[in-house]
Amino acid sequence: MVKNTNAMDTTTTTNQSLVFAVNGQRFDLCNVDPSTTLLEFLRYQTPFKSVKLSCGEGGCGACVVLLSKYDSASDKVEDFTVSSCLTLLGSINGCSITTAEGIGNSKDGFHPIQERFSGFHASQCGFCTPGMCVSLYSALVNAEKTDNRPEPCQGFSKLTVSEAEKSIAGNLCRCTGYRPIVDACKSFATDVDMEDLGFNSFWRKGESNEVKLSRLPPYDRKNAIRVFPDFLKNETTVGANVDSQRCRWFSPVSLEELQSLLQMEVNKVVSTKIIVGNTGTGYYKELVHYDSYIDLRYIPEFSIIRKDSTGIEIGAAVMISKAIETLKEEKESEFNKEAKLVFKKSVTTWRRLLQSSSGIQIMKGQSRLKLTLEEFLGRPPLDSETVLLSIKIPCWESNRSVSYDAHDKLLFQTYRAAPRPLGNALPYLNAAFLAQVSLRKSPTGFMLKNCRFVFGAYGTKHAIRVKEFEEFLCGKLLSISVLYEAIRLLETLVIPEDGTSSPAYRSSLAVGFLFEFLSPLIDYPVEISNGLVNQYNGASLFKDSNQELGEPTIKTGAILQASGEAIYVDDIPSPKDCLYGAFIYSTEPLARVKGIKLNPGTSPDGVITLITSKDIPGLNVGSMSFFGTEPLYADELTEGIGQRIAFVVADTQKNADIAATLAVVEYDKENLEPPILSVEEAVERCSFYKVPPPLYPNQIKLGSQYYFYMETQTALAIPDEDDCMVVYSSIQFPEYAHNTIAGCLGVPDHNVRVKTRRLGGGFGGKAVKSMAVASACAVAAYRLHRPVRVYVNRKFDMIMSGGRHPMKITYSVGFKSNGKITALKLDILLDSGMFVDLCKTNLPSRAAVRAPGDAQASYICEAVIEHVASYLSMEVDSVRNINLHTQNSLGFFFPSSVGEPLEYTLPSIWDRLASTSSFYKRTEMVKEFNRCHNWKKRGISRVPIVYEVMMRSTPGKVSILRDGSIVVEVGGIEMGQGLWTKVKQMTAYGLGLVKCSGTQDLLEKVRVIEADTLSVIQGGLTAGSTTSEASCEAVRLCCNILVERLTPLKEKLMEQVGSVEWETLILEAYRNSVNLSANTLYTPNLSSMRYINYGVAVSEVEINLITGETTILRTDIIYDCGQSLNPAVDLGQIEGAYVQGIGFFMLEEYLTNSDGLVITDNTWTYKIPTVDTIPKQFNVEILNSGHHKDRVLSSKGMSFNYMLTISQQLILPLPSGEPPLTLAVSVHCATRAAVREARRQVRSWGGENKPDSTLVQLEVPATMPVVKELCGLDCVQKYLQWTVGKN
Ligand SMILES: Cc1cc2nc3c(=O)[nH]c(=O)nc-3n(C[C@H](O)[C@H](O)[C@H](O)COP(=O)(O)OP(=O)(O)OC[C@H]3O[C@@H](n4cnc5c(N)ncnc54)[C@H](O)[C@@H]3O)c2cc1C
Ligand code: FES
Ligand code: FES
């Protein structure tokens, strides 16, 4: 393309400089590329690394910053959050940016937001935390600006509880389960009930509100908000005109200027993009580079909001939040006057959008055109010369074509069915209905005089108004039969286009919403959801302990995570000459790779080279696991879709990513067998075995689940002297990464050093999969003799990482008439993907995801139980009850981990939870609810878990420095599970046994440092819930050694001076050459290596028969933690695991195309739980059983509960990282119970009243379409038919 940059100089001048502030610091940038994202700028060119890259598409909130704009005319500052991954530098001229470091930091002091996040234990891996803090900060800033609210009490803000909860609705967190985050947010709210705030380190349960408030880090409204920098106020009031080498940025201030700029596009001299917020690129990803950008926001016509008697005109660049605010004001001032008919949802003047005479103003060249909304939508997309100027929402009154009398009422309602009620999610269907109804009731009903019905987002190019349908209804007296006829007509009109997912479901939603809207006018009141009210009641039964080990100590580093100062691999500054890599993966399941073209025409500049298997100096091994190895790159044959083929190395991560995306791989499939894409095919082609005819057979299937750690895979490799390589890796298994890298490079192990400080979440996905990422960087760095790093983007990560093993299960179950299961035969086909073990398919290789196997097993067990109950027409809970293990049966199935009878706490937990959750009473209430409600059904379910874990060997090293401070290294990796916190607690406890003065303050003297594979060898794998426990034990053993070495000296000093301080003791030890460093490899003995964890959950859900939506009303959990070492950490682990389980069982659809390529590969399509999809009430109780006498350390599986016995021996705590995930099956079971009720109801409308023993097969995940389909896509029609028949 020929560039003629002079073309623009006739219309505008470029100032070539961008001026803005970040955290009060002035930036004046010349020659900067204005199309750089704010995130790239902050992360790579400033020290402000708190903005985290997680999705790069506006879908997670990890990169959120506060953007403040000053308006000199009004002398006001506008503050709002933006996703820095989408905001371009050109658009922030004159703005002030505040990041998490700017809110508060370790040098200038932390902000109470950060301190409360820390004290409420609202940060685990910490990767989401800075974004969360900024979101809350923005809400506080804006609440302070409201002047129509009463002054809050001291210590609180003007924020309301509801606003506090909503402030983080767009932020994702994969670790915490949100409850503690919501509590931290709510603690600032003026209307908060302190009793509602859950477990925290500020106060103990039962303390008065005054005491609680006095313990909270104080919030001073005057000083807590950063002021807009004066230097910006005086300097910049206009947008940027920047001419950089890469592109030009224009901020025209008049329509004339815009027209001449657009003229360039007509002449095709440059490629130009019109821009406002640039959030569109979050969805419509752009790989092309533009020569120029035109920012519309400085042209007054684009920012107008004009109200008059004919309507409201909104400029094309008005922010959606401003438009909503305006319409809300309108609602208050005008519409309510006439909205006398009581509807439970609020009415807004968006009704005006439904008018056919809505005015759209567009501009093409010099001419302006006014179109109706329908004319506008009916046109082809705007060409590059045409811009949208404004949209006018006309008044109903001014356009009404039908007469309006005093008995007429206007009804307006909007509907949205989406996987998340509040959070960011593409809806299955949107609808807006407006009706003018005559309330002068005739004997046959109300008359619909005028109406508008609009449906959108259901699989058409744009929203449609169904005129034919409106014509049918207008003038009709509303009756059941008219409604039935209307619905039959609507079914033929709202039909998604081919290729849309769940088309029948979407059409059924249109019917359902219409029914909800009109049926109240036909004497059938319909309940409408009350929206989100989050009530949490996180509590623990932690009993007082007279030792510091049981304290809910704040998580190590939590405050640094909240301020964004905690360093993750990608925060390490790039060394000089650093290069960046990106993977090219196979898009064919089975093919020969003939060649790779980097697309010279379109590929960005800066590509350095392509690394393939041929460039590997040693072995082609990308990862090792206990099952075998996986190649780093496909050799000639790719054996699975998503397999790594090559690594593009470029000068920036962005260029590497674009080059990898645009690369063209040439495949050859000649003479190859067709690929194996399912476990069924795998079995067929391998002719495995035949399933014998079972007694009560059934078949169930389970899909995969993606880890969704917030920090994607990343590594940095730095070549060192003499063929050595230092690799910083975000990995759960540095030891094997070390061996893999050495193997790939063909060097001895001692040439390699792998370092890992912390992970932004792991969940199993960084055990094996990270090895290839680290090895790829190491190989490239070795070849190029330069540092190479990679931060794998979300899409690549989702495609290549594999996820949980999909399963197909065939079972046969035998049982007695009382429900006692006597035999169970399971045939499980496990799809392992292209490498290692079991069914080999040409799909991505799978790996362990939190609670691997057990998550699926819990589903299988409950499906079998449900099957038995349904066959026998018994209550499911009775069947569960009768099948709880006895001590004998437990010993039969778990001979090496059964433990003493007292350790088998499940039966007592089972009964206890029935009582604390009022299970039986609520079961009756649920029945009553179901009797009284047609369109909502509830289900309640109590589910137990028995979860065996195994300890592994783990090293530890404790060193005491001259000043008495202590440094600890362990094999375990900190990834949010609180491992460092527990290790610190254990170190303080262990060294405290030396019993000299000052040891009560040892906790503050302990620092746990990064894992380094050359400093502490045999580090092993951090997984399986037991690594914290094993690391603590390793540290305890080290402490024992040190105490033994120090004790004689201490006693000698005591004899001499009577008492001795810790610092004095250590100084003396240095003088006396006592070895103050001890290391060990803790190896569990056979009797304590395996043990079982127990827990029970009761969940109650409500399903909506119209939409299929499931709301989790309440969850109660009791989990046996032994004797919790840190109940705060354990509670966080239980809640976080449970919510991740909700994701697996209810929300996270892992979809592939016909070749097996993952298509749910971004935040738009893959929906992890958000704050609005967790239980409305969540009660977790940690049982401090302390029965595990045989074990040296006694905490169950996720955390550690230590208890001193009489012999001063420590008892093991129990782990909580993985087992509680499986308790989320209780939500699935409760949903199944509710669905069963719904089906019973719908069957009764069809005249079938006999009990139904058909097994309800509820898929995993039980998404809205799945639930709705089981309830009956045509349930509304059936109801209407039944009603018509009755009358
Ligand atoms: C997290 C997230 C949630 C979202 N949710 C929604 C949602 O609920 N509903 C929804 O509809 N969209 C949604 N979007 C998509 C998109 O961000 C919005 O549609 C938004 O309105 C785009 O506004 P913008 O100012 O950022 O436009 P930009 O991204 O700056 O522009 C979008 C496109 O329009 C062109 N353009 C801009 N202004 C004009 C003009 N005046 N005339 C002609 N062309 C113009 C641009 O060249 C570009 O091609 C979402 C996006 C994100 C990241
Ligand atoms: S929203 Fe920007 S990284 Fe996710
Ligand atoms: S703490 Fe929120 S993602 Fe880890």
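All figures in this text were calculated on a predicted structure; none of them were measured in a lab.

**Description of the overall build of the protein**
Step number 1: Looking only at helices and strands, the protein has 35 helices and 47 strands in total.
Step number 2: For the protein, with 1287 residues in total, the buried portion stands at 60%.
Step number 3: Of the roughly 49100 Å² that the protein leaves accessible, carbon and sulfur atoms contribute 53%.

**So, the UniProt feature "binding site: Mo-molybdopterin" (unreviewed entry) in the protein**
Step number 1: As recorded in UniProt, the feature "binding site: Mo-molybdopterin" (unreviewed entry) lies at Q732, F763, R850 and G1024. Spanning 293 residues, the annotated positions come together in the fold, the maximum distance between their C-alpha atoms being 12.5 Å.
Step number 2: Here Q732 shows up in the loop between strand 29 (724–729) and helix 19 (734–745).
Step number 3: A residue is classified by how much of its surface remains accessible, and Q732, at 2% relative accessible area, is buried.
Step number 4: Here the side chain of Q732 touches A767 through a polar contact of 3.5 Å, landing on its backbone nitrogen.
Step number 5: Within the fold, R850 resides in the loop between strand 34 (839–840) and helix 22 (854–872).
Step number 6: For R850, the contacting residues outside a window of four places in its chain are F763, R804, Q1133, G1136, A1137, Q1140, G1217, E1218 and L1221.

**Quick word on the nonpolar core**
Step number 1: F117, F453, F455, L473 and F647 are the most contacted members of the largest nonpolar core, which has 236 residues in total.
Step number 2: Of all hydrophobic cores here, the second largest spans 34 residues; its members include V968, L979, C1032 and W1062.

**Let's talk about the site of ligand 1**
Step number 1: As a matter of local geometry, ligand 1 sits amid 19 residues, with I274, V276, N278, T279 and G280 nearest to it.
Step number 2: G280 places a polar main-chain atom, nitrogen or oxygen, 2.7 Å from an oxygen atom of ligand 1.
Step number 3: Expressed as a share of its isolated accessible area of 970 Å², the protein-covered part of ligand 1 is 55%.
Step number 4: Among the elements that line the shell around ligand 1, the one with the most residues is strand 8 (residues 272–275), at 3 residues.
Step number 5: When its residues are assigned to classes, the shell around ligand 1 shows 11 nonpolar, 6 polar and 2 charged.

**Remarks on unusual backbone geometry**
Step number 1: At the junction of V1260 and P1261, the peptide bond is cis and its omega measures out at 0° in the coordinates.
Step number 2: Tracing the backbone through its elements, the reader meets P1261 in the loop between helix 33 (1225–1245) and helix 34 (1264–1271).
Step number 3: One non-glycine residue with positive phi stands out, namely D75, at about 55°.
Step number 4: Following the sequence through the fold, D75 ends up in the loop between strand 3 (64–71) and strand 4 (76–83).
Step number 5: Phi is positive for N278, close to 60°, though the residue is something other than glycine.
Step number 6: Topologically, N278 is positioned in the loop between strand 8 and strand 9 (292–295).

**Brief notes about the sheet that holds strand 13 (residues 367–372)**
Step number 1: Reading across the sheet, the 5 strands line up as 10-11-14-12-13 and stay open at both edges, with antiparallel pairing between neighbours. Two strands bound the open sheet, and with one partner strand each, they are strand 10 (305–308) and strand 13. Each strand of the sheet is rotated relative to its neighbour by a mean of 20°, with strand direction disregarded.
Step number 2: In this sheet, strand 14 (residues 386–394) lies alongside strand 12 (residues 359–364) in antiparallel orientation, the contact comprising 6 bridges. Note on strand 14: the bridge partner recorded for M363 is V387.

**A few points about the pattern of salt bridges**
Step number 1: Within the structure shown, the criterion is met by 63 salt bridges.
Step number 2: Notably, a salt bridge pairs K364 with D383, separated by 2.9 Å at the nearest N-O pair. Here K364, found in strand 12, pairs with D383, found in the loop between helix 11 (373–378) and strand 14; they are 19 residues apart in sequence, far enough to count as distant.
Step number 3: Between E948 and R1090 there is a salt bridge whose closest N-O contact spans 3.6 Å. Of this pair, E948 sits in strand 35 (residues 936–950) while R1090 sits in strand 41 (residues 1090–1104), and the two are 142 residues apart along the sequence.

**A few points about the packing of aromatic side chains**
Step number 1: One pass over the full model with this rule turns up 42 aromatic pairs.
Step number 2: A centroid spacing of 5.1 Å and a plane angle of 75° characterise the contact between F453 and F469, whose relative ring orientation is edge-to-face. Here F453, found in strand 17 (residues 445–456), pairs with F469, found in helix 13 (residues 467–473); they are 16 residues apart in sequence, far enough to count as distant.
Step number 3: Using a relative accessible area of 0% as the deciding quantity, one classes F469 as buried.
Step number 4: Summarising the aromatic geometry, the rings of Y1279 and W1282 are spaced 5.9 Å apart at their centres and angled 40° between planes, so their arrangement reads as tilted.

**Some points on helix 1 (residues 38–45)**
Step number 1: Of all 8 residues in helix 1, 6 are buried, a share of seventy percent or more.
Step number 2: When we look at burial in helix 1, the residues that qualify are L38, L39, E40, F41, L42 and R43.
Step number 3: Buried residues in helix 1 make contact with strand 1 (17–22), strand 2 (25–30), strand 3, strand 5 (96–98) and helix 17 (653–662).

**With respect to the sheet that holds strand 35**
Step number 1: Spatially, 35-41-42-43 is the arrangement adopted by the 4 strands of the open sheet, whose pairing is mixed. Each edge of the sheet is formed by a strand with only one pairing partner; in this case those strands are strand 35 and strand 43 (1177–1183). On average, adjacent strands in this sheet sit at an angle of 15° to one another, irrespective of strand direction.
Step number 2: Pairing between strand 42 (residues 1110–1120) and strand 43: 7 bridges, direction parallel. Within strand 43, the position partnered with T1115 by the bridge is F1178.

**Considerations on the state of the cysteines**
Working definition of a disulfide: a covalent bond connecting the sulfur atoms of two cysteines.
Step number 1: The full count for this structure, using the stated rule, is 0 disulfides.
Step number 2: Distance from the sulfur of C185, which forms no disulfide, to the nearest cysteine sulfur (C133) is 8.2 Å.
Step number 3: The class of C185 is buried, set by a relative accessible area of 0%.

**Details of a negative patch on the surface**
Step number 1: Taken together, the side chains of D720, E721, D722 and D723 present a region of like negative charge at the surface.
Step number 2: Exposure remark for D723: the relative accessible area of 43% places this residue in the partly exposed category.

**Looking at helix 34**
Step number 1: Judged by how many residues are buried, helix 34 sits mostly within the fold: 7 of 8 residues are covered.
Step number 2: Three or more residues of helix 34 are buried, namely M1264, P1265, V1266, V1267, K1268, L1270 and C1271.
Step number 3: Considering only its buried residues, helix 34 is in contact with strand 15 (408–417), helix 15 (503–518), strand 41, strand 42, helix 33 and helix 35 (1275–1286).
Step number 4: Directly after helix 34, the chain includes G1272, whose backbone phi takes a positive value near 115°.

Calculation criteria
- Per chain, residue numbering runs from 1 following the sequence as it is written.
- Chains carry letters from A onward and ligands carry numbers from 1 onward, assigned in written order.
- Residues qualify for local features only when their pLDDT is at least 70, as the model is predicted, and side-chain atom pairs are given and counted only at 80 or more; totals for whole chains, interfaces and linings, by contrast, use all residues.
- Derived side-chain values reflect all non-hydrogen atoms in the structure, with water molecules and hydrogen atoms excluded from consideration.
- Secondary structure counts use DSSP, requiring at least four H or I residues in a row for a helix and at least two E residues in a row for a strand, with both numbered from the N terminus.
- The rule is simple: take the accessible area with a 1.4 Å probe, protein chains only, and divide by the maximum for that residue type; under 20% is buried, over 50% is exposed, in between is partly exposed.
- What sets the accessible areas is the Shrake-Rupley method with a 1.4 Å probe; for residues, cover comes only from the shown protein chains.
- UniProt positions are given in the numbering used here, feature names are shortened, and annotations may be inferred rather than shown by experiment.
- What qualifies as a polar contact is a pair of N or O atoms within 3.5 Å, subject to a donor-acceptor requirement within protein and to the restriction that residues adjacent in sequence count only when both atoms come from side chains.
- The contact criterion used throughout is that any non-hydrogen atoms of two residues lie within 4.5 Å.
- Among the buried residues, those of types Ala, Val, Leu, Ile, Met, Phe, Trp, Tyr and Cys that are joined through side-chain atoms within 4.5 Å form a nonpolar core.
- Nearness of a residue to a molecule or strand requires only that one of the residue's heavy atoms be within 4 Å of it.
- In this count, Pro and Cys sit with the nonpolar residues alongside Ala, Val, Leu, Ile, Met, Phe, Trp and Tyr, while Asp, Glu, Lys and Arg are called charged and the others, Gly among them, polar.
- For two strands to pair, DSSP has to find at least two bridges joining them.
- In this analysis, axes come from line fits to C-alpha atoms, helices being fitted only over the stretch in contact, and the angle between any two N-to-C directions falls in the range 0 to 180 degrees.
- Think of a salt bridge as a Lys or Arg side-chain nitrogen and an Asp or Glu carboxyl oxygen that are within 4 Å of each other.
- Pairing of aromatic rings covers Phe, Tyr and Trp, the last counted by its six-membered ring, and requires centre-to-centre distances within 6.5 Å; plane angles under 30 degrees mean stacked, over 60 mean edge-to-face, and any other angle means tilted.
- For the purposes of this analysis, a disulfide is any pair of cysteine sulfur atoms at a distance within 2.5 Å.
- Patch membership is restricted to residues that have no salt bridge and whose relative accessible area is over 30%. Joining uses 9 Å for like charges and 5 Å for the nonpolar side chains Val, Leu, Ile, Met, Phe, Trp and Tyr.
- For this count, His and the chain ends are skipped, Lys and Arg are scored as positive, and Asp and Glu as negative.
- By convention, charge coordinates are those of NZ in Lys, CZ in Arg, CG in Asp, or CD in Glu.

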